[in-house]
Amino acid sequence: MADTHAYRSGELEQEAELADTRQRWLLSLPAVVIIMLFAAGPLLVMVVYSFLTPGDFGNVKWEFSLDGWKNTLVQRDIFDDTLMWADAHLSIFWRSFSLSVITTVLTLIFGLPTAWFIATQPPGRREIWLFLVTVPFWSNLLVRTIAIQELIRNEGVINLVLLKIGIITEPIQMMFTDFAIAFGMTYVYLPLMVLPIYAAIEKLDFRLVEAAHDLYASRMAAFWQVILPLIKPGIIAGSILVFIPSLGAYVTPRVLGGGKNLMFGNLIELQFGAGRNWPLGAALSLMLMAAVMVALIYYVRVTSREKADG
Amino acid sequence: MVEATTTQVEQSAAKPRPKRGPKGYSLRTLPGFTFVALFTMIVLYAPISILVIFSFNEGDSLAIWEGFSLQWYAKAAANEQVQEAAIRSLYLAFIASTIGTIAATMAALATTRTRRFTGKTMIYALINQPLMVPEIVTAVALLIVFAAIKVATGHNSMIYLIVAHTAFCIPFAYLPIRARLETMDNSLETAARDLYASAWQTFRMVTLPNMWPGIIAGMMLSFVISLDTVVITEFVKSAGQDTLPTYMLGQLRRVVTPEVNAISTVILFSGAILVALFFRLTQRKG
């Protein structure tokens, strides 16, 4: 076939293109197969599991049921069998959401001035500061969480110092509170806020700020009305980058929040452990994934719009 | 990265140094910002520093200094569970990052410096998929699948951890390799082909040496990621398959001694060295 038509250069080209595409797919195959089997595929299996019946000792029975999904929001009363809101779940959803928002706001409050400070350093020194911000981010998340835990324990350095100075007479209970979780997440995710804002400030045309000053804007007015609108895309990007891992956080709330102050990730774990309700756990996981996807799509739209604007 | 720094330099060369505004202060400083920034930098490093300092404590307190000693390092090194977990972590990270980097290198070669081809976006999305899903979700999804396999086959080896880590390593290896390839144009390869080098010779003697820093960077990054991964490991491991992070997570339920600090310090510094090398490799110009 190919021989008889080979003289038509158009088809020859098409054929070469096809061969090239085939070769590129072959090259990508190992990576694609590994991820299909051990990352993307299992998510599809989880969709199936969310529609099954929980087994008596964990795992599932292969009977179709919508209870996994229903139980995410409502539960049946043990005594009179009426449906009511699953308050425990709702309060955990709310905690996850509100702590993620608080973390985002806190990282912004500390991250924006840090990014500004770094971006206004002379070029040679910028990279050193940037490196200093990035190093903790790349260091082990569990280790950084342990560092926070040791700091805020009742016998930790903070309480000890406060006791010594005499500000307090009894240690402040910080561990196993929502505060501990928010503090820990702010600490571990701060670099995610600094980097995109830094990138935005670095691109900022300072002549515009000068123009504002020449037109008698005060420093604060120039900041609020000129600088802030210009670096807004960076702030939004940083906020989403902090919000997403906060919502899905597991290690930090487990170590700092303990068994009572659960977040979304810990609620999921519970269903695969003591809760023995895998379908519910699968449904909760898919809910969390959907929430993260929405945030991610928003992030992609914000960052690509920024690119399109130049 | 490279482009960003050059434009940076040009900009600052073209513009005079931060000039004083009409009201007698630099436009580049905002009230309180430097203070908050320096405070933040201190807060960023204080907890880690305190953790490191108390790994050298002579007593067993994490907050009262009782003198310098290396006893917690000796204790950790002599602890059989720690030894096993450390070896398991390194073994796992080595295998997962090696396989992951090879797969990522091939995929990067296929998806960069090319026209749009059918499925290119799909390959790209798949490779980045593990980055887009919370780790806990990936972890329980793997738990579900592997539990079924374990029940069906009764097989309980490290293979589950290896494949799970490999899949998670691929996107981290892929990104620096792809970034490196995108800075290379096709002219050297074209020249080699014009001089009658075979496709394989061109790859071996032109493409591979040029993309090598990217490959090493990708391998180091994925190695660090595998070492740090705790959630996936926690859900996938069978009994007796603790890695260093899951071992430490388990220890936190008990009374914490500076032994945890000693292990943490070793993890921190080995990670920091790898990351510093990674930055050097990816930021070298040209």
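Residues numbered from 1 in each chain as written. Chains lettered and ligands numbered in written order. Predicted model: local features only at pLDDT ≥ 70, side-chain atom pairs only at ≥ 80, totals over all residues.

Across its full length, chain A holds 13 helices and four strands. In terms of overall dimensions, chain A is more spread out than a globule: its C-alpha atoms have a radius of gyration of 26 Å, far above the 19 Å expected for 310 residues. In terms of principal-axis extent, the alpha carbons of chain A reach across some 95 × 75 × 35 Å. When the 310 residues of chain A are sorted by exposure, 42% land in the buried category. Considering only contacts within chain A whose residues lie at least 6 apart along the sequence, 66% involve residues at least 24 apart. (Helix = DSSP H or I, 4+ residues; strand = E, 2+ residues; numbered from the N terminus. Rg over C-alpha atoms; globule rule 2.2 N^0.38 Å. Buried ≥ 20, exposed ≤ 12 C-beta atoms within 10 Å, placed from the backbone. Contact = placed C-beta atoms within 7 Å.)

To continue, consider the domain arrangement of chain A. Under the domain assignment used here, chain A contains domain 1 (1–49) and domain 2 (86–309). Computed from C-alpha coordinates alone, the two centres of domain 1 of chain A and domain 2 of chain A are separated by 40 Å. (Domains from an automatic or database assignment.)

All names here are of chain B. Within the element layout of this structure, glutamine 241 appears in the loop between α10 (231–236) and α11 (244–251). Using a count of 18 C-beta atoms within 10 Å as the deciding quantity, one classes glutamine 241 as partly exposed. Sequence separation of glutamine 241 and isoleucine 162 is 79 residues, and the distance between their C-alpha atoms is 12 Å. The residues contacting glutamine 241, other than those within four sequence positions of it, are Arg88, Met158 and Leu161.

This part is about the environment of A:Ala200. Residues and elements named next belong to chain A. Secondary-structure assignment places alanine 200 in helix α8 (residues 178–203). Counting along the chain gives 35 residues from alanine 200 to isoleucine 235, while the straight-line C-alpha distance between them is 8.2 Å. Leaving out residues up to four positions away in the same chain, alanine 200 has contacts with Ile231, Pro233 and Gly234.

Turning our eyes to something else, we now look at the nonpolar core. One finds A:Ile35, B:Val140, B:Leu142, B:Ala164 and B:Ile170 to be the most contacted residues of the largest nonpolar core, which totals 152 residues. Sort the elements by how many residues they give to this core and α8(A) lands first, with 17 residues. Mapping this core onto the domain boundaries places at least three of its residues in each of domain 1 (1–49) and domain 2 (86–309) of chain A. Setting aside chain neighbours within four positions, we find A:Ile35 in contact with A:Ala40, B:Leu126, B:Ile127, B:Gln129, B:Pro130, B:Ala167 and B:Ile170. (Core = buried A, V, L, I, M, F, W, Y, C linked by C-beta atoms within 7 Å.)

Glancing now at the packing of helix α2 (residues 9–49) of chain A against helix α5 (residues 120–132) of chain B. The contact between α2(A) and α5(B) brings their axes to 9 Å, and the two run at 45 degrees. With respect to α5(B), the element α2(A) is oriented oblique. When you trace α2(A) past α5(B), the crossing you get is left-handed. Contacts from A:Ser28, A:Ala31, A:Val32, A:Ile35, A:Met36, A:Ala39 and A:Ala40 of α2(A) reach α5(B) at B:Ile123, B:Leu126, B:Ile127, B:Gln129 and B:Pro130. Here the residues of the contact of α2(A) with α5(B) are counted per class, giving ten nonpolar, two polar and no charged. (Axes fitted to C-alpha atoms, helices over the stretch in contact; angles between N-to-C directions. Parallel < 35°, antiparallel > 145°, perpendicular 65-115°, else oblique. Left-handed = near helix turned anticlockwise from the far one by under 90°. Nonpolar A, V, L, I, M, F, W, Y, C, P; charged D, E, K, R; others polar.)

Residue and element names in this part refer to chain B. Direction vectors running N to C along helix α4 (residues 80–111) and helix α7 (residues 159–183) enclose 45 degrees, while the axes themselves pass 6 Å from each other. Comparing their axes, α7 and α4 come out oblique. Like other packed secondary-structure pairs, α4 and α7 cross with a definite hand, here right-handed. Judged by residue contacts, Leu92, Ile95, Ala96, Ser97, Ile99, Gly100, Thr101, Ala103, Ala104, Thr105, Ala107 and Ala108 of α4 engage Leu161, Ile162, His165, Thr166, Cys169, Ile170, Ala173, Tyr174, Ile177, Arg178 and Leu181 from α7. Within the contact of α4 with α7, the residues separate by chemical class into 16 nonpolar, six polar and one charged.

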